[in-house]
Amino acid sequence: MAKNMTVYLKIWRQPGPDQPGRMVDYTLQDVSPDMSFLEMLDVLNTQLIARGDEPVEFDSDCREGICGSCGMVINGIAHGPLKGVATCQLHMRSFDDGATIVIEPWRARSFPVIKDLVVDRSAFDRIIISGGYVTVKTGQAPDAHAIPVPRPDQEKAMDAAACIGCGACVAACPNASAALFTAAKISHLAYLPQGRVEARERALAMVRQMDAEGFGNCSNHGECEAVCPKEISISTIAKMRREYLKAVVLNPE
Amino acid sequence: MKLDSKVPGGPIQEKWDRHRFEMKLVNPANKRKYKILVVGTGLAGASAAATLGGLGYDVHAFFIHDSPRRAHSIAAQGGINAAKNYPNDGDSIWRLFYDTIKGGDYRAREANVYRLAQVANNIIDQCVAQGVPFAREYGGYLDNRSFGGAQVSRTFYARGQTGQQLLLGAYSAMMQQVNAGNVKLYPRREMLDLVIKNGQARGIICRNLVSGEIESHAGHAVALCTGGYGNLYYLSTNAMNSNATAAWRCYKRGAAFANPCFTQIHPTCIPVSGDHQSKLTLMSESLRNDGRVWVPKRADDKRPPNQIPEEDRDYYLERRYPSFGNLVPRDVASRAAKAVCDEGRGVGEAGLSVYLDFRDAIARLGRKAIADKYGNLFDMYLRITDENPYEVPMRIYPAVHYTMGGLWVDYNLMSTIPGLYVLGEANFSDHGANRLGASALMQGLADGYFILPYTIGDYLAGSTFPTATVEDDEFKATRQEVLDQTERMIRNRGNKDPRTFHRELGAIMWDYVGMARNAQGLREAITKIRALREEYWQNLKVPGRPDSFNKYLEYAGRIGDYMELGELVAMDALQREESCGGHFREEYQTEEGEALRNDERFAFAAAWEYKGPNQKPELHREDLTFESVELKQRSYK
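Parameters and conventions
Residues numbered from 1 in each chain as written. Chains lettered and ligands numbered in written order. Predicted model: local features only at pLDDT ≥ 70, side-chain atom pairs only at ≥ 80, totals over all residues. Helix = DSSP H or I, 4+ residues; strand = E, 2+ residues; numbered from the N terminus. Buried ≥ 20, exposed ≤ 12 C-beta atoms within 10 Å, placed from the backbone. Contact = placed C-beta atoms within 7 Å. Expected span 1.5 Å × (residues − 1). Nonpolar A, V, L, I, M, F, W, Y, C, P; charged D, E, K, R; others polar. Domains from an automatic or database assignment. Pairing = 2+ DSSP bridges. Axes fitted to C-alpha atoms, helices over the stretch in contact; angles between N-to-C directions. Parallel < 35°, antiparallel > 145°, perpendicular 65-115°, else oblique. Left-handed = near helix turned anticlockwise from the far one by under 90°. pLDDT = per-residue confidence, 0-100.

Let us now look at the overall build of chain A. Counting its secondary structure elements, chain A contains nine helices and seven strands. Structurally, chain A occupies a C-alpha span of about 60 × 40 × 35 Å along its principal axes. Out of the 253 residues belonging to chain A, those deemed buried represent 54%.

It is worth spelling out the overall build of chain B at this point. Broken down by element type, chain B carries 16 helices and 19 strands. Counting only C-alpha atoms and orienting by the principal axes, one finds that chain B spans roughly 75 × 60 × 45 Å. Considering chain B as a whole, with its 637 residues, one finds that 61% of them fall into the buried category. In chain B, once contacts between residues fewer than 6 apart in sequence are set aside, the share between residues at least 24 apart is 73%.

Let us look at helix H5 (residues 179-190) of chain A. Residue and element names in this part refer to chain A. With twelve residues, H5 should cover 16 Å at 1.5 Å per step; its first-to-last C-alpha distance of 15 Å lies within 8% of that length. For H5, the tally of buried residues reaches twelve of twelve residues, placing the bulk of the element in the interior. Within the sequence span of H5, burial applies to Ala 179, Leu 180, Phe 181, Thr 182, Ala 183, Ala 184, Lys 185, Ile 186, Ser 187, His 188, Leu 189 and Ala 190.

The interface of chain B with chain A comprises 64 residues on the first partner and 64 residues on the second. Elements with a contribution of two residues or more to the side of chain B that touches chain A: helix H2 (43-55), helix H4 (110-130), helix H5 (162-179), helix H10 (367-385), helix H11 (440-462) and helix H15 (551-575) of chain B. Sorting elements by how many residues they give to the side of chain B that touches chain A places H5 of chain B first, with nine residues. Of the residues belonging to the side of chain B that touches chain A, the class tally is 25 nonpolar, 25 polar and 14 charged.

With that settled, the discussion passes to helix H1 (residues 37-50) of chain A. Counted at 1.5 Å a residue, the expected span for H1 of chain A with its 14 residues is 20 Å, and the 20 Å between its end C-alpha atoms agrees. For H1 of chain A, the set of buried residues is Phe 37, Leu 38, Glu 39, Met 40, Leu 41, Asp 42, Val 43, Asn 45 and Ile 49 of chain A. At its buried positions, H1 of chain A is contacted by strand E2 (22-31) of chain A together with helix H13 (498-512) and H15 of chain B.

So, about the domain arrangement of chain A. Residues and elements named next belong to chain A. Domain annotation of chain A identifies domain 1 (5-104) and domain 2 (122-250). For domain 1 and domain 2, the distance between their C-alpha centres works out to 30 Å. Contacts between the two partners involve twelve residues from domain 1 and, on the opposite side, ten residues from domain 2. Its residues assigned to classes, the side of domain 1 that touches domain 2 shows seven nonpolar, five polar and no charged.

Looking now at unusual backbone geometry. Residues and elements named next belong to chain B. Notably, Tyr 234 is not glycine yet its phi reads approximately 65°, a positive angle. With respect to the helices and strands, Tyr 234 occurs in the loop between strand E9 (221-224) and helix H6 (245-251). Classification of Tyr 234 by C-beta neighbours within 10 Å gives buried; the count is 24. You will see that Ala 438, though not glycine, has its phi angle at about 70°, which is positive. Among the secondary structure elements, Ala 438 is positioned in the loop between strand E17 (420-422) and H11.

Right, let's get into the environment of Ile 114 of chain A. Within the secondary structure, Ile 114 of chain A sits in strand E6 (residues 113-115). Exposure remark for Ile 114 of chain A: the 23 C-beta atoms within 10 Å place this residue in the buried category. Linking Ile 114 of chain A and Pro 15 of chain A, residues 99 residues apart in sequence, is a C-alpha distance of 8.0 Å. What Ile 114 of chain A contacts, discounting residues up to four positions off in sequence, is Pro 17, Val 119 and Asp 120 of chain A together with Val 210 and Phe 549 of chain B.

All names here are of chain B. Pairing is antiparallel in the open sheet, where three strands are placed in the order E6-E7-E8. The strands lining the two open edges of the sheet, one partner per strand, are strand E6 (189-197) and strand E8 (214-218). Between one strand and the next, the sheet's axes are offset by a mean angle of 25°, whatever the strand orientation. Where helix H12 (residues 473-491) meets the sheet, it contacts E6, strand E7 (200-208) and E8, and its direction lies at approximately 140° from that of E6.

Right, let's talk about the domain arrangement of chain B for a bit. The figure often quoted for interface size is the accessible area lost as the parts come together. Residue and element names in this part refer to chain B. Split by domain assignment, chain B resolves into domain 1 (1-262 + 404-599) and domain 2 (265-399). For domain 1 versus domain 2, the separation of C-alpha centres amounts to 30 Å. At the junction of the two partners, domain 1 supplies 25 residues and domain 2 supplies 29 residues. Residues belonging to the side of domain 1 that touches domain 2 are distributed by class as follows: seven nonpolar, 16 polar and two charged.

Glancing now at the packing of helix H14 (residues 519-539) of chain B against H15 of chain B. Between two packed helices, the angle of one axis relative to the other and the distance separating the axes together describe the packing. Residue and element names in this part refer to chain B. Between H14 and H15, whose axes approach to 9 Å, the crossing angle comes to 165°. Comparing the axis directions of H14 and H15 gives the class roughly antiparallel. In this structure, H14 crosses over H15, and the sense of that crossing is left-handed. Residues Ala 519, Leu 522, Arg 523, Ala 525, Ile 526, Ile 529, Arg 530, Leu 532, Arg 533 and Tyr 536 of H14 touch H15, and the partners they reach there are Gly 560, Met 563, Gly 566, Glu 567, Ala 570, Met 571, Ala 573 and Leu 574.

This paragraph deals with the packing of H4 of chain B against H11 of chain B. Residue and element names in this part refer to chain B. Two elements in contact, H4 and H11, have axes whose closest approach is 9 Å; the angle formed by their N-to-C orientations is 85°. As the angle between them shows, H4 and H11 are arranged roughly perpendicular. Across from Leu 116, Val 119, Ala 120, Asn 122, Ile 123 and Gln 126 in H4, the residues of H11 making contact are Met 442, Gln 443, Leu 445, Ala 446, Tyr 449 and Phe 450.

All names here are of chain B. With parallel pairing, the five strands of this open sheet are ordered in space as E5-E2-E1-E9-E17. The open sheet has two edge strands, strand E5 (183-186) and E17, and neither has a second partner. Going across the sheet, the axis of each strand differs from the next one's by a mean of 20°, ignoring polarity. Pairing of E9 with E17 involves three bridges; the strand directions are parallel. Looking across to E17, one finds that Val 222 is bridged to Leu 420.

What follows deals with the confidence of the model for chain B. Of all residues in chain B, 100% have pLDDT values of 70 or greater, and the mean over the chain is 96. Both scores are available for the predicted complex, with the pTM at 0.97 and the ipTM at 0.98.

Once that is clear, we can look at the pairing of strand E12 (residues 292-296) of chain B. Residue and element names in this part refer to chain B. In terms of residue burial, E12 counts as a mostly covered element, since four of its five residues are buried. Here E12 pairs with strand E14 (residues 354-357) via three bridges, running antiparallel. In the strand pairing of E14, Trp 294 is matched with Tyr 355.

Here we come to the pairing of strand E19 (residues 618-623) of chain B. Side-chain direction in a regular strand flips from residue to residue, so the side chains alternate between the two faces of the sheet. All names here are of chain B. Burial runs low along E19: only zero of the six residues are buried. Here strand E18 (residues 604-609) runs beside E19; their pairing, made up of six bridges, is antiparallel. Of the residues in E19, the one forming a bridge with Ala 607 is His 620.

Turning to its location among the elements, Tyr 555 of chain B is positioned in helix H15. Distance in space between the C-alpha atoms of Tyr 555 of chain B and Asn 243 of chain B is 9.1 Å, their sequence separation being 312 residues.

Okay, structure coming up:
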């Protein structure tokens, strides 16, 4: 069994949305390499509470990389050094004994900080509200086998639908663009026959809402794809552009 | 309190159709005048909100997360059952019904389970129409796989992320209704109490988790879709924020709590690695389609697994249950794992795990086929344990996963409080003493898409509603109680943080009210829980302020409720002097160590009524009658 380690943490502390924040140093000893990164923060919080300090606030729920609640910029990388995982799936064995670890919230104008590492990602929900669905009321559906879907299309749809809505793509993008998030949903539905009916309205509405939320434009840096815990491909952004262009050029309102 | 299940008359196949005809309807133009408060936005809550919104009701949806898409349904891996019989392997509504009743060890209400099997096919249709990318075959048609407790392949799946895709389907349907103006969202709100006026559930009190403000909301009915209480055990596969607070507060307002001792311990989870551990991770039951479970034959065999030859391995599930083999139901598989570990044949450092081995499947199907089916699960396992399951067998051990118990509901999903409906895992209804794999997703969506939207109309159309506003005395008094409790937690200047208390409570629950229970242990558990609860209210330390974002304050309130709920679970386990499904009393077992039911004395749902602080709750019995299936010793041999 690997021996326990000491880590030097620099964590962004911010009491509220309108108050200034700052980096605060903490030393944590006796950290097991088998601990998850968030369990390490749990241990830190237990120590902070014991000595009468306020614990570090962060969002976390499923702790198995599927709910999309957690997200921190760790040493400058959204979700940390391990590729294809959310923060909760990172273990301390990814760090060296004696490492300095800098922990910051997602930073984007459209994701205001609520407290410490917790940000407001409701802009994502508003993008979905604008059109990220197939309009079908309960009871209207035909038999599930009425519409066969070619398997390659279903696979591509599933690849895009795997998005967990964590926001790492925005945090990593130099323009704080939400293109990958928006494109993942547009692509998921555009690949399926069920989604084609409203494809035009969907692309227009979601892109419009994405812009209205103040997210930046995509200029093909590819940082989003690099940090995405579900490894959503940047090719979905190309798909979104095609869908958007089709909507504007081939089918003007 | 009188329990009336309100099961309609007639043959079981006709009950739901007949009931749908007999129920009153709300005129389309009047629906928008009814305000329905939906609490929780997992599969049950999101599907209910979407459907009720689509019908034209004024729906208000409350949830603890920042987005409704994060509810814990998202983490369900394996699949969802339905009786489509697409594989042509002998499935039918009747068989799904029968398997579910039998899988629940004959402790569920027959009529509810039949209805569940009836509407299951509609769920698949609905989800496909929403764009849920279920796995398909090359012809473009849907693929199915097998799950425990069934000999047909009826499980639909989307890789190992079925819960995610179904939830995103329900979430998107709800969001469409938000856009249409029929559903209003209340993110980061935790329901802390139920408001009753004139005997009807008329509103909720919740904490705004960002500002700390205690808010009141009034409506005509409340639909509680807040999930189960598995986190009572501290270590479970539940998400960190999954909790029983909303359901428990409703219990304390008069909603009966049924079968709390029916908890599900899932056989295939990644074993505990150390004290720091905050939760356990499930490895989907679907792995048992291709993985073989074994331990060494001899307790002193400490060789690495790949060096143990075939003749020295004990594939104990295949040996004990030849017809179901590795696909026995969860309760059976969990107990069998515990039994071999108790014999000293468990593997891993602490001897508390068994092997789940893919060697034969990889040899038969190839590594790529296995990666296609289970790749994401294998990756997850590798990341957590640092061991590669393509090369060495996985090590698994049972962990708390699901709770079949919950608030008692009648056939209409209404609790013992008029106007309070309970859906999904939060109610006790359809799984009896043991839930089969891929049935939770089915039940959550059945309740939300296809059952509540009918039954709530009958209540709304058939009741009178005196004006209720948040300025009423009932609202003010309930809100004040919530404020007082919050104040009490914050002002307590103790020495122990909520997590430490949670861990201690969980240890008591796991040791005495876990996979195997006995009368003496349960009595001991009750004494210990009471002592811990007393200490909790004297020595609790909550950091921060009440009027701001404060996760440890949220956490403390939930642990306070678990301190009470834990005792009720133990009391229920004590009164049920039989073994059934996930509830295994050591005193009641067959010679072969299988669960021994006592149908004469215990063929009932135990519904507990709250009688006040530190008072013994009163037990009510809903007798379960079986007209369509014959009660049998459950056998998977």
